[in-house]
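# Close look at the chain arrangement
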Amino acid sequence: MDQIGFPLLSVVLWLPALGALLLLVLPRGQDELYRQVSLGFAALTFVVSCTLPLLFNAAPTQTDVDSPPLLQLVDRMDWIPSWGINYIVSLDGVSLWLVLLTTFLSPIVILSTWDSVHKQVRYFQVLLLLLEMAMLGVFLAQDLFLFYIFWEFSLIPMAFLIGIWGSANRVYAATKFFLYTFAGSVLMLLAIIALYVLHGQATGNYTFDFVQLVASLRSGALTLDPGLERLLFGAFFIAFAIKAPLWPFHTWLPDAHVEAPTAGSVILAGVLLKLGTYGMIRFNLTLFPESAQWAAPAIAILAVIGIIYGAVVAYAQTDMKKLVAYSSVSHMGFVVLGIFALNGVGITGAILQMINHGLSTGALFLIVGVLYERRHTRELAEYGGLWKVMPVYAGLTLLIVLSSAGLPGLNGFIGEYAIMQGAFTAPDLGWPFLGFAVIGVILAAAYLLRMFRGTFMGDVTNPANAELSDLNGRELTNLVLLSVPIVVIGLFPTLFFAPMQSSVAAVMRGLVFAVAGQ
């Protein structure tokens, strides 16, 4: 425990698990109590996590290229010391806002289930809290063994949420989601074990400690043959690319989104996909900078294919949930493009765009859920003229649609702009990649405004829509809460960029050091 002498990150990490345990011992048949307890623990976790930006030092001093990443608020405890396994959780500028995104979205997701989930409510809430704990663990763990446990554990609650509370093809979607992501994770596990063994053979210290591994790689105590480094890079990358998901590893995502309950779709798009792109920055770029330089052009090509492919397929959808699902493929392609621009502007833009996508796309899934709860259909052809019937709902939807489309002044614009600037200034990318990214932005505006026009504009032609009720108190609260950071990030992006700078600079120093050593 450093800086404050209190295990703050451990409190944030384990509060949701404590709430899940409490739910399991409560009396049966108390559905309202289960919801209240779940919401209370999720809200408490968010309140505690709000202290993290206040305690975070946005400008730590670190200048040596061979220094390991400078992490803050470290909680460390021996776990299985004979195997070099430790409990280490900490924070830096890459993970800070992702932790806040997770704790912010979780109570919103729980509140959204109040009137929509009535089957096995206790276990639904338990799984949501356990999923929050697992996602936080991925962002905070600095021991590769601990990281892998949280990474794999996150699959289980989401698979059950889809498989039990999803739509007609829920079992197929849950199985596909689990098998795809688990297959990639096995490759990553083999790479983690290989690093553990190689480090032990080279230094005599068998450890999964991420900071020690980076320090050994940068100091030369552990050297990797270029071919072996590329294999290890690829094993990590495939696991992260499946989770992101990057084209062509994306095929599990539309089924998972369409079949998942609304809460599952929000947390899947809002946070779970970010585990993959976070891993690319944390592990691919930091542990294997030479291989990252070597693979960057090819990965950038996959990213721009995903940007265009996701946008074109989204435009063709008649089901609103499928449209938003394919939009995630396109938007996450932007994030991967920014990461593998391999410069400070691109990486900071990618981190911010992870947050932006989580807010905007999570809100879009809630918006689709509002209509589905009232009409039990997501087909665009079933709607029209809803602005006249549900004006508050329509106004908030327009704000969020414009955010997702990248309107200047809202959060989506600044992230996409930084990513495109990073791609343009990257020596190995430049104009062609910028051009495809711009086309992706134009297509995003096209499919999102098409969806809005078909749903809200014109006259009410379907009698079933004439008496639809506007947002209730919980729905309004959720969409307003999501709208606040959408506007704040758009107007004051420097507040969010500032804490990232030192951590991104540390990643860049590693990349520069790798180039200098070639």
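Residues numbered from 1 in each chain as written. Predicted model: local features only at pLDDT ≥ 70, side-chain atom pairs only at ≥ 80, totals over all residues. Heavy atoms only, no water.

With respect to the helices, strands and loops of the structure, Gln142 is situated in the loop between helix H5 (121-140) and helix H6 (144-153). The buried category is assigned to Gln142, whose relative accessible area is 2%. Ignoring any residue separated from it by four or fewer positions in sequence, one finds Gln142 in contact with Leu71, Ile88, Ser90, Phe208, Asp209, Phe210, Val211, Tyr278 and Arg282. (Helix = DSSP H or I, 4+ residues; strand = E, 2+ residues; numbered from the N terminus. Buried < 20%, exposed > 50% of the residue type's maximum accessible area, 1.4 Å probe, protein only. Contact = heavy atoms within 4.5 Å.)

Okay, unusual backbone geometry next. Omega for the peptide link from Ala244 to Pro245 comes to -10 degrees, which places this bond in the cis form. Cis geometry marks the peptide bond from Trp247 to Pro248; its omega dihedral reads 5 degrees. As for its placement among the helices and strands, Pro248 is situated in the loop between helix H10 (226-243) and helix H11 (252-259). Phi at Gln120 is positive, roughly 50 degrees, even though this residue is not glycine.

Evaluated as defined, the whole model comprises nine salt bridges. A salt bridge links Arg282 to Asp92; the shortest N-O distance between them is 2.7 Å. One end of the pair, Arg282, is in helix H13 (residues 274-287); the other, Asp92, is in the loop between strand E2 (85-91) and helix H4 (96-112), with 190 residues separating them in the sequence. For the pair shown, Arg282 and Asp92 are each scored as buried. Across the pair Lys176 and Asp255 runs a salt bridge, and its minimum N-O distance is 3.0 Å. Here the residue Lys176 occupies a position in helix H8 (residues 170-203), and Asp255 occupies one in helix H11, the gap between them amounting to 79 residues. (Salt bridge = Lys/Arg side-chain N within 4 Å of Asp/Glu carboxyl O.)

Next up on the list: the pairing of E2. Note on strand geometry: in a regular strand, side chains alternate between the two faces of the sheet. Counting buried residues in E2 gives seven out of seven residues, a clear majority hidden from the surface. In this structure, strand E1 (residues 72-80) lies alongside E2, joined through six bridges in antiparallel fashion. Bridge pairing in E2 places Asp75 opposite Val89. The antiparallel hairpin formed by E1 and E2 contains four residues in its connecting segment, where Gly84 sits at a positive phi of about 70 degrees. (Pairing = 2+ DSSP bridges.)

The next thing to look at is the packing of H6 against H8. Running from N to C, H6 and H8 point in directions that differ by 175 degrees, and their axes come no closer than 11 Å. Considered as vectors, H6 and H8 are oriented roughly antiparallel to each other. Only Phe182, Ser185, Val186, Met188, Leu189, Ile192 and Leu195 of H8 make contact with H6, whose side of the interface consists of Leu144, Phe147, Tyr148, Trp151 and Glu152. Of the residues that constitute the contact of H6 with H8, the class distribution is ten nonpolar, one polar and one charged. (Axes fitted to C-alpha atoms, helices over the stretch in contact; angles between N-to-C directions. Parallel < 35°, antiparallel > 145°, perpendicular 65-115°, else oblique. Nonpolar A, V, L, I, M, F, W, Y, C, P; charged D, E, K, R; others polar.)

Time to look at the confidence of the model for the chain. Averaged over all residues, the pLDDT of the chain is 89; the fraction at 70 or higher stands at 96%. The model gives residues 63-67 a pLDDT under 50, and that stretch makes nine contacts with residues more than four places away or in other chains. (pLDDT = per-residue confidence, 0-100.)

A contiguous nonpolar surface patch, about 490 Å² in accessible area, is contributed by Leu21, Leu22, Leu24, Val25 and Tyr123. Of the residues forming the nonpolar patch, the biggest block, four residues, is contributed by helix H1 (residues 8-25). Accessibility expressed as a relative area gives 43% for Leu24, which makes it partly exposed. (Patch = residues over 30% accessible without salt bridge, like charges linked within 9 Å, V, L, I, M, F, W, Y side chains within 5 Å. Areas by Shrake-Rupley, 256 points an atom, 1.4 Å probe, with all protein chains shown as cover.)

This part takes up the packing of helix H15 (residues 320-339) against helix H20 (residues 431-456). Relative orientation of the contacting elements H15 and H20 amounts to 160 degrees, with a least axis distance of 11 Å. Taken together, the axes of H15 and H20 are roughly antiparallel relative to one another. Of the two possible hands of crossing, H15 and H20 adopt the one that is left-handed. Contacts between H15 and H20 involve Met320, Leu323, Ser327, Ser330, His331, Phe334 and Leu337 on the former and, on the latter, Phe433, Ala437, Gly440, Val441, Ala444, Tyr447, Arg450, Met451 and Thr455. (Left-handed = near helix turned anticlockwise from the far one by under 90°.)

What follows deals with the packing of aromatic side chains. For the structure shown, the criterion picks out 27 aromatic pairs. Taken together, a centroid distance of 5.0 Å and an interplanar angle of 80 degrees make the contact between Phe124 and Trp165 edge-to-face. Residue Phe124 is found in helix H5, and its partner Trp165 is found in helix H7 (residues 155-165); the two are separated by 41 residues along the sequence. Owing to a relative accessible area of 0%, Phe124 belongs among the buried residues under this scheme. (Phe/Tyr/Trp six-rings, centres within 6.5 Å; stacked < 30°, edge-to-face > 60°.)

Take H5 next. Between its first and last C-alpha, H5 extends 29 Å over 20 residues, near the 28 Å set by a 1.5 Å rise per residue. Most of H5 is tucked away: 18 of the 20 residues are buried. (Expected span 1.5 Å × (residues − 1).)

If you trace the backbone, Ala296 turns up in helix H14 (residues 289-316). On the basis of relative accessibility, which here comes to 3%, the residue Ala296 falls in the buried class. Residues Ala296 and Leu342, spaced 46 residues apart in sequence, show a C-alpha to C-alpha distance of 7.7 Å. Excluding residues within four positions of it along the chain, Ala296 makes contact with Phe340 and Leu342.

On the secondary structure map, Thr277 appears in helix H13. Under the relative-accessibility criterion, Thr277 is labelled buried at 0%. At 3.3 Å, the side chain of Thr277 forms a polar contact with the backbone oxygen of Lys274. Once you skip the residues sitting within four places of it in the chain, Thr277 turns out to touch Ala244, Met332, Val335, Val336, Ile339 and Met354. (Polar contact = N/O pair within 3.5 Å; in protein donor to acceptor, adjacent residues only side chain to side chain.)

This brings us to the environment of Gly137. Residue placement: Gly137 occurs in helix H5. The class of Gly137 is buried, set by a relative accessible area of 0%. For the pair Gly137 and Gly384, spaced 247 residues apart in the sequence, the C-alpha separation amounts to 43 Å.

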